[in-house]
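# A look at the structure
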Amino acid sequence: MIDNKKRYLVAGTGKSGAAAAKLLAEKGFSVRLYDGNEALNTALFYEKHPELKGIEILLGTLPEEEMKQTDILVLSPGIPTDLPMVLTMKQMGVTVWGEIELAYAFAKGRLLAITGTNGKTTTTALLGEILKEHYPDVRVVGNIGIPYTSVAADTTDETVTAAEISSFQLETIHTFAPEVTAILNITPDHLNRHHSMECYIKIKESITKNQKPGQVCVLNYEDEALRAFGKTLENRLNVIYFSSARKLERGFYLENGRICCAGEDGIHAVADTGECNLLGTHNYENIMAAAAVAHALGVPFEKIREVLKIFRAVAHRIEYVEEIAGVRYYNDSKATNPDAAIKGIRAMERPTWLIGGGYDKQSEYGDWIDAFDGKVVKLVLLGETKEKIAKEAVQKGFTDVVMCESLEEAVTYCRSNARPGDAVLLSPACASWDMFPNYEKRGDIFKELVRSHRQ
């Protein structure tokens, strides 16, 4: 039970921080907001969030006396847990929560949680649509863009919540305990924050740590780390695997264009891939994961199949934008790491002008460049990582590289040089934070730039 006698400090004034503060304030809890940006326009913040006008906002360096007035620090996902301020408050005995831990303390009903390096948003969105076919009250929250705290107070015992959970959010869980979890895959990402692949893997796996015996965890059998992790879970949880490469004796698998489920009662046909709007092996894995989670919660295969026939890809993930002068433009801004960008380039069926680069998360780009495989006409780079990527490309023997200073310049260059029958793909393999507030804004601006060239 959450303690209303505690004093809460919410760090971060973005979407998650504002939602967390609002939840606490509406419940009558003692809450203040904090942002390290001394130049934050508080008047504009209050104008945007009039319901928070009574909440004090602290800016810049947080004084020690303010730290001492805090019992629980609620971190927004973008704030690292190893910041000096956070470490100091931990040493003072302050409890550190994340926004999803706060939401979980208030939420009711059944909770399903999905994590992984790639595919989380598509899988969670698809799962939400499947659940809506079977349950009357479904919420889709988390890293998908809807803070869990923004809906937690409205949930009831009848609510079913599907949550997309990032590694940043998993760093600060304590009691967070989904009934069903899924880990889609684990490839290198956010190593600038997690510091090592071993740490990153452990954080992803921690989504299962509070599950009760017999509850369900869905794992990708073709991910070696997850296959090994599954063995450690089998005495505690009901582990359900999915595979895009082999037939499983138990679990979901892809065979000859059909997604099947093998269980104690035989083999069931879930869907034919030809009936699905989601294309590519990575999306078939997302479909299997969503189907496995939904079926574990009692959704019949018939209802799953009907949703798969109408569900379309989420925005910013290999999203078709426009065809102009015979050139097709695709927005894959959500490809914020090399592994996601590999899937983007593999989905292209035309000679491709590839726009990449952005914020440096200490990723390596060699495998991404190898995936060009004769398909990429020109690599158009921008952002913080452009020199690093260009160097790796040349070392790999790919020299068709162009440097640009802005996304506008990159789109204009591709528009002037691409030929009918080509494709232009924004698939950065990097985060957006060096030039844009988030990947959504980057993708939206790309689409605006493309459409501005219609004439």
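What counts and how
- Residues numbered from 1 in each chain as written.
- Predicted model: local features only at pLDDT ≥ 70, side-chain atom pairs only at ≥ 80, totals over all residues.
- Heavy atoms only, no water.
- Helix = DSSP H or I, 4+ residues; strand = E, 2+ residues; numbered from the N terminus.
- Rg over C-alpha atoms; globule rule 2.2 N^0.38 Å.
- Buried < 20%, exposed > 50% of the residue type's maximum accessible area, 1.4 Å probe, protein only.
- Disulfide = S-S within 2.5 Å.
- Phe/Tyr/Trp six-rings, centres within 6.5 Å; stacked < 30°, edge-to-face > 60°.
- Lys NZ or Arg CZ within 6 Å of the ring centre and 35° of its normal.
- Salt bridge = Lys/Arg side-chain N within 4 Å of Asp/Glu carboxyl O.
- Pairing = 2+ DSSP bridges.
- Axes fitted to C-alpha atoms, helices over the stretch in contact; angles between N-to-C directions.
- Contact = heavy atoms within 4.5 Å.
- Left-handed = near helix turned anticlockwise from the far one by under 90°.
- Core = buried A, V, L, I, M, F, W, Y, C linked by side-chain atoms within 4.5 Å.
- Polar contact = N/O pair within 3.5 Å; in protein donor to acceptor, adjacent residues only side chain to side chain.

## Describing the overall build of the chain
The helix and strand inventory of the chain stands at 17 helices and 20 strands. Its C-alpha atoms give the chain a radius of gyration of 23 Å, near enough to 23 Å, the size a compact globule of 455 residues would have. Once the C-alpha set of the chain is aligned to its principal axes, its extents read approximately 65 × 60 × 40 Å. Split into buried and exposed, the 455 residues of the chain put 57% on the buried side.

## Describing the state of the cysteines
A full pass over the atoms with the stated rule returns 0 disulfides. Its sulfur unpaired, Cys261 is 8.8 Å from the next cysteine sulfur, which belongs to Cys260. Relative accessible area serves as the criterion here: at 8%, Cys261 is assigned to the buried category.

## Things to note about the packing of aromatic side chains
The tally for this structure, following the rule as stated, stands at 13 aromatic pairs. Judged by centre distance (5.2 Å) and plane angle (75°), the rings of Phe372 and Phe398 are edge-to-face. Here Phe372, found in the loop between helix 14 (366-370) and strand 18 (376-381), pairs with Phe398, found in the loop between helix 15 (386-395) and strand 19 (401-403); they are 26 residues apart in sequence, far enough to count as distant. The burial state of Phe372 is the same as that of Phe398; both residues are buried. Here the aromatic cluster, defined as three or more aromatic residues joined through ring pairs, consists of Tyr8, Phe29, Trp97 and Phe106. We note Arg227 situated over the ring of Tyr221; from NZ or CZ to the ring centre the distance is 4.5 Å.

## Section: the pattern of salt bridges
Applying the stated rule across the entire model yields 20 salt bridges. Here Glu66 ties to Arg32 by a salt bridge, and the two come within 2.4 Å at their closest N and O atoms. In this pair, Glu66 sits in helix 3 (residues 64-68) while Arg32 sits in strand 2 (residues 30-35), placing the two residues 34 residues apart along the sequence. The pair Glu66 / Arg32 is uniform in exposure class, with both members buried.

## Some thoughts on the environment of Asp373
Its location among the elements puts Asp373 in the loop between helix 14 and strand 18. Residues Asp373 and Ile345, 28 residues apart in the sequence, show an inter-C-alpha distance of 9.4 Å.

## Quick notes on the sheet that holds strand 15 (residues 319-324)
What the 6 strands build is an open sheet, ordered 15-16-20-17-18-19; its pairing is mixed. In the strand order of this sheet, the two ends are held by strand 15 and strand 19, each with one partner. Pairs of neighbouring strands in the sheet enclose a mean axial angle of 20°, with direction left out of account. Across 5 bridges, the pairing between strand 15 and strand 16 (residues 327-331) is antiparallel. Counterpart to Tyr320 in the pairing with strand 16 is Tyr330. Strands strand 15, strand 16, strand 17 (352-356), strand 18, strand 19 and strand 20 (423-426) of the sheet are contacted by helix 16 (residues 407-417), whose axis makes an angle of about 175° with strand 17.

## Overview of the pairing of strand 9 (residues 180-183)
Of the two faces of strand 9, the one lined by Val180 and Ala182 and the one lined by Thr181 and Ile183 are each fully buried. Strand direction decides the pairing type here: strand 6 (residues 110-115) and strand 9, joined by 4 bridges, are parallel. Residue pairing for strand 9: Leu112 is matched across the bridge by Val180.

## So, the pairing of strand 12 (residues 251-255)
The element strand 12 is largely enclosed, with a buried count of 4 among its 5 residues. Relative to strand 12, strand 11 (residues 238-243) runs parallel, the two sharing 2 bridges. If you follow Ser243 over to strand 12, its bridge partner there is Tyr253. Of the pairings in the sheet, the one linking strand 12 to strand 13 (residues 258-263) comprises 5 bridges and is antiparallel in character.

## Some details on the packing of helix 11 (residues 281-296) against helix 12 (residues 301-310)
With their axes 10 Å apart at the nearest point, helix 11 and helix 12 run at an angle of 145° to one another. Between helix 11 and helix 12 the crossing geometry is right-handed. Contact residues: Ile287, Ala291, Ala294 and His295 in helix 11; Phe301, Ile304 and Leu308 in helix 12.

## Concerning the nonpolar core
In this structure, Tyr8, Leu102 and Leu219 are the most contacted members of the largest nonpolar core, which totals 51 residues. Ranked by residues supplied to this core, first place goes to helix 1 (residues 15-26) with 5 residues. When near neighbours in sequence (up to four residues on either side) are disregarded, Leu102 contacts Ile2, Ala20, Leu23, Leu24, Val74, Trp97 and Thr149. By size, the runner-up hydrophobic cluster in this structure holds 44 residues, among which are Ile130, Tyr135, Ala292 and Val314.

## Description of the side chain of Gln215
By secondary structure assignment, the location of Gln215 is in the loop between helix 9 (197-205) and strand 10 (216-220). The buried category is assigned to Gln215, whose relative accessible area is 19%. Polar side-chain contacts of Gln215 include one of 2.9 Å to the backbone nitrogen of Lys212. Contacts of Gln215, omitting those with residues within four sequence positions, involve Pro178, Glu179, Leu237 and Asn238.

## Focus on the environment of Val160
Looking at the secondary structure, you find Val160 in strand 8 (residues 160-164). According to the relative accessible area criterion, Val160 is buried, its value standing at 1%. A C-alpha to C-alpha distance of 37 Å links Val160 and Asn37, two positions 123 residues apart in sequence. Excluding residues that lie within four positions of it along the chain, Val160 makes contacts with Arg110, Leu112, Leu131, Tyr135, Asp137, Val138, Arg139 and Leu297.

## Things to note about helix 5 (residues 99-106)
With 6 of 8 residues buried, helix 5 is to be regarded as a mostly interior element. Three or more residues of helix 5 are buried, namely Glu99, Ile100, Glu101, Leu102, Ala103 and Phe106. Among the structural elements, helix 1, strand 4 (72-75), strand 5 (95-98) and helix 7 (167-170) are those in contact with the buried residues of helix 5.

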